[in-house]
Amino acid sequence: MSQPLSEGRGEPVPPPGGDRTLRALGLDGVPREEPLLYPGAWPRESGLLDGDRLLPLDRPARQEWEEGEGRVPVLAIGSNASPAQLRHKMAEFGIDSPIPMVRSRVTGVDVGVSAHVSRMGYVSASPVAAPGSVRELFVLWLDAGQLAVIDASEGVPMAGGNFDRVWLPAPDVSVEPGDGSVLGGAYAYVNRHGVLRDGAGTPRRHPGEQRPLITELLHGSARLRELFGATPEEFCARARADRRLCDRGTRLFAEERRVTASGLERYVGSGQDDPLAGGRTPSTGPTAPMP
């Protein structure tokens, strides 16, 4: 069964020619500044993120952007589908080129919970293998500079980073932009720590909101409460203030046997049909705080 997007649903959509700023669309909250907002508000439809505006993106415009400037498709699993979060990441490096965000039907991937505590103060989402599962997700079409920024934000070029960028080829993962076409694959960011599991030992689904997720994690571990406090607010505040504490929380997930594999590890370094040789951004690229 198809799982619809929930983030951003119900936000007001102005008529064509109206105010398309992120604030007017209800999409201006930045999870990196307010962790309990994670993963941030997602748009209702495809759009072109252009500075502080999200413009309509029809098929002819999409094709022009997708085929030009050597852009590549990247699945937005968590806050990368938040226009405000994307804008925030790009602004760190002075990048203001537009980003096409295409709402797509994705088969074979679900949204799990990263098995690490983010230095931004939240517990992020991470893709998991889910044969037969269908989700509506956004595909970002990124140029080389934009891709380097997202790679850096996920820690891809760093030995101690949290994510690897991998190419998920079709038909293992099917990505349908909604115009009758099927992409040959797409990039995604796979967590190097694995993902959190549910009671059956399989990857748990990210609920799409931080407060219930952190509340449940704290309720299930006295040791986690000792480190991060008893409430989501305390958790976020302590995590943002202490990198070493985040590392201790990440180790605790593993020590308490809360972690399992995402099922996507086999794509790391495989290079199968990867349009970019090596699949990683060189270490000489930009660096940014890791999530």
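Refer to the structure presented above.
Presented here is a report on the structure given in the accompanying data block. (Residues numbered from 1 in each chain as written. Predicted model: local features only at pLDDT ≥ 70, side-chain atom pairs only at ≥ 80, totals over all residues. Heavy atoms only, no water.)

## Focus: the overall build of the chain
Item 1. When helices and strands are counted, the chain shows seven helices and 11 strands.
Item 2. Taking all 291 residues of the chain together, 53% fall into the buried category.
Item 3. Expressed as a percentage of contacts within the chain between residues at least 6 apart in sequence, the contacts between residues at least 24 apart total 76%.
Item 4. As displayed, the chain offers around 12400 Å² of accessible surface, 50% of which is attributable to carbon and sulfur atoms. (Helix = DSSP H or I, 4+ residues; strand = E, 2+ residues; numbered from the N terminus. Buried < 20%, exposed > 50% of the residue type's maximum accessible area, 1.4 Å probe, protein only. Contact = heavy atoms within 4.5 Å. Areas by Shrake-Rupley, 256 points an atom, 1.4 Å probe, with all protein chains shown as cover.)

## Structural notes on the pattern of salt bridges
For side chains bearing opposite charge, pairing can occur when the charged atoms are close.
Item 1. Applying the stated criterion to the full structure yields 19 salt bridges.
Item 2. As a salt-bridge pair, Asp110 and Arg205 come within 2.7 Å of each other at their nearest N and O atoms. Placement of Asp110 in strand β5 (residues 99-113) and of Arg205 in the loop between β10 (195-196) and α4 (210-219) is noted, with a sequence separation of 95 residues between them.
Item 3. Accessibility expressed as a relative area gives 41% for Arg205, which makes it partly exposed.
Item 4. Put simply, Asp110, Arg135 and Arg205 are held in one network by salt bridges that share partners. (Salt bridge = Lys/Arg side-chain N within 4 Å of Asp/Glu carboxyl O.)

## Thoughts on the packing of α4 against helix α6 (residues 232-241)
Item 1. Two elements in contact, α4 and α6, have axes separated by 9 Å at closest approach and are oriented at 90°. As summarised for this structure, α4 and α6 are arranged roughly perpendicular, according to the angle between their axes. Residue-level inspection shows Arg211, Ile214, Thr215 and Leu218 of α4 in contact with α6, the latter providing Pro232, Glu233, Phe235 and Cys236.
Item 2. In terms of residue class, the contact of α4 with α6 is made up of five nonpolar, one polar and two charged. (Axes fitted to C-alpha atoms, helices over the stretch in contact; angles between N-to-C directions. Parallel < 35°, antiparallel > 145°, perpendicular 65-115°, else oblique. Nonpolar A, V, L, I, M, F, W, Y, C, P; charged D, E, K, R; others polar.)

## Some details on helix α3 (residues 144-153)
Item 1. Where burial is concerned, most of α3 is hidden: eight out of the 10 residues are buried.
Item 2. Where α3 is buried, its residues meet β4 (72-76), α2 (83-91), β5, β6 (125-142), β7 (163-169) and β9 (185-191).
Item 3. In the segment just after α3, Gly155 is the residue with positive phi, at about 80°.

## Some details on the packing of α2 against α3
Item 1. Close contact between α2 and α3 brings their axes to 10 Å; oriented N to C, the two are set at 100°. Relative to α3, α2 is oriented roughly perpendicular. On α3, the residues that touch Leu86, Lys89 and Met90 of α2 are Gln146, Val149, Ile150 and Ser153.
Item 2. For the contact of α2 with α3, the class distribution of residues is four nonpolar, two polar and one charged.

## Remarks on the side chain of Ser46
Item 1. Its place among the elements puts Ser46 in the loop between β1 (2-3) and β2 (47-50).
Item 2. Residue classification places Ser46 among the buried residues on the basis of a relative accessible area of 18%.
Item 3. At a separation of 2.9 Å, a polar atom in the side chain of Ser46 contacts the main-chain amide nitrogen of Arg103.
Item 4. Beyond its immediate stretch of four places on either side in the chain, Ser46 contacts Leu57, Met101, Val102, Arg103 and Phe138. (Polar contact = N/O pair within 3.5 Å; in protein donor to acceptor, adjacent residues only side chain to side chain.)

## Brief notes about unusual backbone geometry
Item 1. With an omega of 5°, the peptide bond between Tyr38 and Pro39 qualifies as cis.
Item 2. The amide bond that connects Ala170 to the next residue, Pro171, takes the cis arrangement and shows omega of 5°.
Item 3. Assignment of secondary structure puts Pro171 in the loop between β7 and β8 (174-176).

## Topic: the environment of Arg223
Item 1. Relative to the helices and strands, Arg223 is located in helix α5 (residues 222-228).
Item 2. Sequence spacing of Arg223 and Glu256 is 33 residues, and the spatial spacing of their C-alpha atoms is 9.4 Å.
Item 3. With near-sequence residues (within four places) excluded, Arg223 lies in contact with Leu252, Glu255 and Glu256.

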